[in-house]
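Next come the chains, spelled out residue by residue.
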Amino acid sequence: MTQTKPKLLIIEDDPGLQKQLRWSLDAYDVVVAGDREAALAQLRRHEPAVVTMDLGLPPDPDGATEGLATLEQILALAPDTKVIVLTGNQDRGHAVKAIAMGAYDFHQKPCEPDLLGLVIQRAFVLHGLQQEHRRLQQGQADSPLSGVISRDPGMLKVCRNIEKVAPSSATVMVLGESGTGKEVLARALHQLSPRAKERFMAINCAAIPETLLESELFGYEKGAFTGAVKQTKGKVELANGGTFFLDEVGDLPMALQAKLLRFLQERVIERVGGHEEIPVDVRIICATHQNLKALAASGKFREDLYYRLSEIVLTIPPLRDRNGDAVLLAQHFKNRFCAQEGRPALHFTPDALAQIARHDWPGNVREMENCIKRAVIMADGPAITAEDLGLGLGPVEDEPLNLRQVRDEAEYGAIVKALARVDGNILKAAELLGVSRPTLYDLMDRHAIRPTVASA
């Protein structure tokens, strides 16, 4: 049984070099092309993961214009392709430009076969890892909570609570700032519930004029008002058997709050202009960025409705409080938009990552998504810089990731705070820190800390 060799496309106009490269790279199923048209045809036919190409292609064998144009088209057709540029001239400027356009690597001709073979092997491995990562992401897309990307303990606790609450019939209130993903979690609740096969209907109370909101919620009878030419069901009725999501419920007018309360108590509705009570079996999930308890206390929201809606309350932490999630989400959105916009894989520069980690993200995940999409589109080279992000923070020092440095800084800060709290008393400071007095002396000596008061 023969093992299928991976496809390797060699773009080279010199027949002698074609033969030499084919011979030295016999571990691959090599296909060759001598010009741009043939190269693009081979690319479409074989879809090779890795391509080696000479920048000096006809009709410009002594320059790089044709080679760079070919590179641009290859990456436009197949952004994940790893292109290794081979250049025979001594001017590295063309090779640098090719890398800026998205080439994987470059080598000067004549190149050593062993070295080139190693680079090609690494390119195939990297391409395989990226494809496997993509398959894993697609596989995870079947999970209702796949839209939540987080390693923060607080956010992961919210996700676990959703899994607990979803099978129940309880009314759920999702609290959080704008852009934190309240509707994503509401949809996850629906998908994990016994109602998953029925409808999920959503309405934004702040986006619909007060005069239209009642008919949107509960529907209307024919002739109920000017323009009501036929009987129309409201979204609550349309969600019968499923889940109804009330976004920005804090903006619901007081008159409609009374009607919603009656529906929650009796589970029946009346269409506008109608007198028939219509039973509706629907689960209610609501969300708001406002403090409903404070609104209820000030008389701007019905207290009895608040308690009806808040059988279960889930609070989503803002992005600025989710440890490490800003960079994690930035990487996710970068990969997604690179694929969506047909761009070769980009990476963040260290200063860009530092700005992402330090920015407060007042618009939360929605702001992050828009920022990274803009950066992917506007980035000139293979890297997204701090300037591309447009956050306007100025230079930001990256946080140390060296564990010894982080530990030393934490130790120093804790010792200084403890000594300050006990007015320099070494014994009390040692008790506060949970170490022996000799150990504290050793730590103070290592960090060059002197007590302000000499005390036994």
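Overview of the structure. (Residues numbered from 1 in each chain as written. Predicted model: local features only at pLDDT ≥ 70, side-chain atom pairs only at ≥ 80, totals over all residues. Heavy atoms only, no water.)

**Points about the sheet that holds strand 3 (residues 50-54)**
Stage number 1. Here we have five strands laid out as an open sheet, ordered 2-1-3-4-5, and parallel in their pairing. One side of each edge strand has no neighbouring strand; the edge strands of this open sheet are strand 2 (29-33) and strand 5 (105-108). Between one strand and the next, the sheet's axes are offset by a mean angle of 20°, whatever the strand orientation.
Stage number 2. As paired elements, strand 1 (residues 7-11) and strand 3 share four bridges and run parallel to each other. Looking at strand 3, one finds that Ile10 is bridged to Thr52.
Stage number 3. Docked against the sheet, helix 1 (residues 15-24) engages strand 1, strand 2 and strand 4 (82-87), running at close to 170° with respect to strand 2.
Stage number 4. In the packing of helix 3 (residues 65-77) onto the sheet, the strands contacted are strand 1, strand 3 and strand 4, and the crossing angle to strand 3 comes to about 165°. (Pairing = 2+ DSSP bridges. Helix = DSSP H or I, 4+ residues; strand = E, 2+ residues; numbered from the N terminus. Axes fitted to C-alpha atoms, helices over the stretch in contact; angles between N-to-C directions. Contact = heavy atoms within 4.5 Å.)

**As for the pairing of strand 6 (residues 172-175)**
Residues in a regular strand point their side chains to alternate faces of the sheet.
Stage number 1. In this structure, strand 6 lies alongside strand 13 (residues 283-288), joined through four bridges in parallel fashion. Considered in strand 13, the bridge of Met173 is made with Cys286.
Stage number 2. Of the strand pairs in this sheet, strand 6 and strand 14 (residues 312-315) are connected by four bridges, and their pairing is parallel. Bridge assignment links Val172 to a residue of strand 14, and that residue is Ile312.

**Thoughts on the side chain of His447**
Stage number 1. Mapped onto the secondary structure, His447 falls in the segment after helix 19 (437-446).
Stage number 2. Taking relative accessible area as the criterion, His447 reaches 15% and is therefore assigned buried.
Stage number 3. In terms of polar contacts, His447 uses its side chain to reach the side chain of Glu411, at 3.0 Å.
Stage number 4. When residues no more than four places from it in sequence are discounted, the contact partners of His447 are Asp408, Glu411, Tyr412 and Ile415. (Buried < 20%, exposed > 50% of the residue type's maximum accessible area, 1.4 Å probe, protein only. Polar contact = N/O pair within 3.5 Å; in protein donor to acceptor, adjacent residues only side chain to side chain.)

**Things to note about the pattern of salt bridges**
Stage number 1. Under the criterion given, the structure shown has 13 salt bridges.
Stage number 2. With its nearest N and O atoms 2.8 Å apart, the salt bridge here joins Lys7 to Asp29. Highlighted residues: Lys7 in strand 1 and Asp29 in strand 2, separated in sequence by 22 residues.
Stage number 3. On the basis of relative accessible area, Asp29 is assigned to the partly exposed category, the value being 29%. (Salt bridge = Lys/Arg side-chain N within 4 Å of Asp/Glu carboxyl O.)

**Examining the sheet that holds strand 13**
Within a sheet, each strand pairs with its neighbour through backbone hydrogen bonds, oriented either parallel or antiparallel.
Stage number 1. The strand order across the open sheet built from five strands is 7-10-13-6-14, with neighbouring strands paired in parallel fashion. The outermost strands of the open sheet, each flanked by one partner alone, are strand 7 (200-204) and strand 14. Strand-to-strand, the axes of this sheet are offset by a mean angle of 20°, without reference to chain direction.
Stage number 2. Packing of helix 6 (residues 153-165) onto the sheet brings it into contact with strand 6, strand 13 and strand 14, and relative to strand 14 it is tilted by some 155°.

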